[in-house]
Amino acid sequence: MDAELFPRCRREVAPGAVHVPDWLDAGRQRRLLEACREWARPPAGLRTVHTPGGGTMTSRQVCLGHHWYPYGYALTVVDGDGAPVKPMPDWLAGLGREAVEAALGPRALPPEPYDIALINFYDAGARMGMHRDSDEQSDAPVVSLSLGDSCVFRFGNRETRARPYTDVELRSGDLFVFGGPARLAYHGVPRVHPGTAPPALGLTGRLNITLRVSGFPPAVERIMGDSPS
Ligand SMILES: O=C(O)CCC(=O)C(=O)O
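If you're wondering where the values come from, they're calculated on a predicted model, not measured in any experiment.

Criteria and thresholds
Residues numbered from 1 in each chain as written. Predicted model: local features only at pLDDT ≥ 70, side-chain atom pairs only at ≥ 80, totals over all residues. Heavy atoms only, no water. Near = heavy atom within 4 Å. Polar contact = N/O pair within 3.5 Å; in protein donor to acceptor, adjacent residues only side chain to side chain. Areas by Shrake-Rupley, 256 points an atom, 1.4 Å probe, with all protein chains shown as cover. 1 Å grid on protein atoms, 1.4 Å probe; cavity = no way out; pocket = protein on both sides within 12 Å on 5 of 7 lines; lining within 4 Å. Sits in = over half its atoms within 2 Å of the grid points. Helix = DSSP H or I, 4+ residues; strand = E, 2+ residues; numbered from the N terminus. Core = buried A, V, L, I, M, F, W, Y, C linked by side-chain atoms within 4.5 Å. Buried < 20%, exposed > 50% of the residue type's maximum accessible area, 1.4 Å probe, protein only. Contact = heavy atoms within 4.5 Å. Expected span 1.5 Å × (residues − 1). Salt bridge = Lys/Arg side-chain N within 4 Å of Asp/Glu carboxyl O. Pairing = 2+ DSSP bridges. Axes fitted to C-alpha atoms, helices over the stretch in contact; angles between N-to-C directions. Parallel < 35°, antiparallel > 145°, perpendicular 65-115°, else oblique. Left-handed = near helix turned anticlockwise from the far one by under 90°.

Draft legend 1. Inspection of the site of the ligand at higher detail. Around the ligand, the structure places N120, Y122, M128, H131, D133, F153, H187, V189, R206, N208, T210 and R212. Note that an oxygen atom of the ligand is positioned 3.2 Å from one of the side-chain N or O atoms of D133. A distance of 3.0 Å is found between an oxygen atom of the ligand and a side-chain nitrogen or oxygen belonging to H187. Protein chains bury 96% of the 300 Å² of accessible surface belonging to the ligand in isolation. Counting atoms within 2 Å of the grid points, the majority share of the ligand lands in the largest pocket. For the shell around the ligand, the element with the highest residue contribution is strand β14 (residues 206–212), accounting for four residues.

Draft legend 2. Quick peek at the nonpolar core. Core analysis: the largest hydrophobic core is formed by 34 residues, its most contacted members being L92, Y114, V143, L145, L147, L175 and L211. Counting residues per element, the ones that place at least two in this core are β2 (17–20), α1 (26–39), β4 (56–64), α2 (90–104), β7 (116–122), β9 (142–148), β12 (175–178) and β14. Top contributing element to this core by residue count: α2, with six residues. With residues up to four places along the chain from it excluded, the contact list for L147 reads L24, Q29, L32, L33, S172, L201, L203, G205, R206, L207 and I209. Core analysis: the second largest hydrophobic core is formed by 26 residues, V49, M128, L170 and F178 among them.

Draft legend 3. Region of the structure containing α1. If you check α1, its first and last C-alpha atoms are 20 Å apart, about what 14 residues at 1.5 Å a residue would give, namely 20 Å. Within α1, the full set of buried residues consists of G27, Q29, L32, L33, A35, C36 and W39. Against the buried residues of α1 lie β4, α2, β7, β9 and β14. Among the residues of α1, the N-terminal cap falls to D25, whose side-chain oxygen and the backbone nitrogen of G27 are separated by 3.2 Å.

Draft legend 4. Inspection of the pattern of salt bridges at higher detail. This model, assessed by the stated rule, comprises 11 salt bridges. Across the pair D133 and R212 runs a salt bridge, and its minimum N-O distance is 3.3 Å. With D133 in the loop between β8 (128–131) and β9 and R212 in strand β14, the pair connects residues that are 79 residues apart, well separated along the chain. The structure contains a network of salt bridges with shared partners spanning D133, E136, R183 and R212.

Draft legend 5. Spatial organisation of the pairing of strand β3 (residues 47–50). Alignment of β3 against β4, held across three bridges, turns out to be antiparallel. If you follow T48 over to β4, its bridge partner there is R60. Between β3 and β4, which follow one another and run antiparallel, lie five residues, and G54 among them has a positive phi close to 100 degrees.

Draft legend 6. Region of the structure containing the packing of α1 against α2. One can describe the packing of α1 onto α2 by two numbers: an axis separation of 13 Å at closest approach and a directional angle of 135 degrees. The angle between α1 and α2 places the two elements in the oblique class. The interaxial crossing formed by α1 with α2 has left-handed handedness. Residues R28, L32, A35 and W39 of α1 form the contact with α2, whose participating residues are W91, L92, L95 and E98.

Following this line, the structure appears as structure tokens:
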């Protein structure tokens, strides 16, 4: 990474929402990327997400633990190849807890384990509109890990997709956690900066891994929300 005039520091963007730059070192980024490449393979691999209104998300996605589709969770890829969702590995669930502790402190740790990972892949033109993560039944903090190209991450408020919001540059290895009063804030990715990934990582594009707690009862098929038509 280029030398900085001012070092990037841990910053509370809003109450309960904290950005921790460079949280994953190069080795951890590499290992996480290798795992993402495995998860992206079929079955239940990387897919294009279509919204019920006829839209297409420009980022592509693979899920672990529970399969997210607009707007609910299932245990199979109901809007794709129909395969069972891949399991959430214990080490990734542990990384979620480590991240919460690092960003918000031990008192913010949820009683339940992190049991959902959504992995979003952004190529140069991809973006993500302002939305809230509201399909879970737990208010545990959401953990967001970035790999590859930098992006503008827009973190807003709980009422509206519009201002006030804060734009944060997320780079490879950065951690962003939002919980407590920020858990249901609107957020999105208006822009990715192509060609900004650390060359040694070997990733063209951007990966974001968000870790969440479902709050769902165990071992019950969960089909929530409307099925996409
Ligand atoms: O890519 C990001 O940084 C944000 C991803 C996100 O908002 C989501 O998965 O809900």
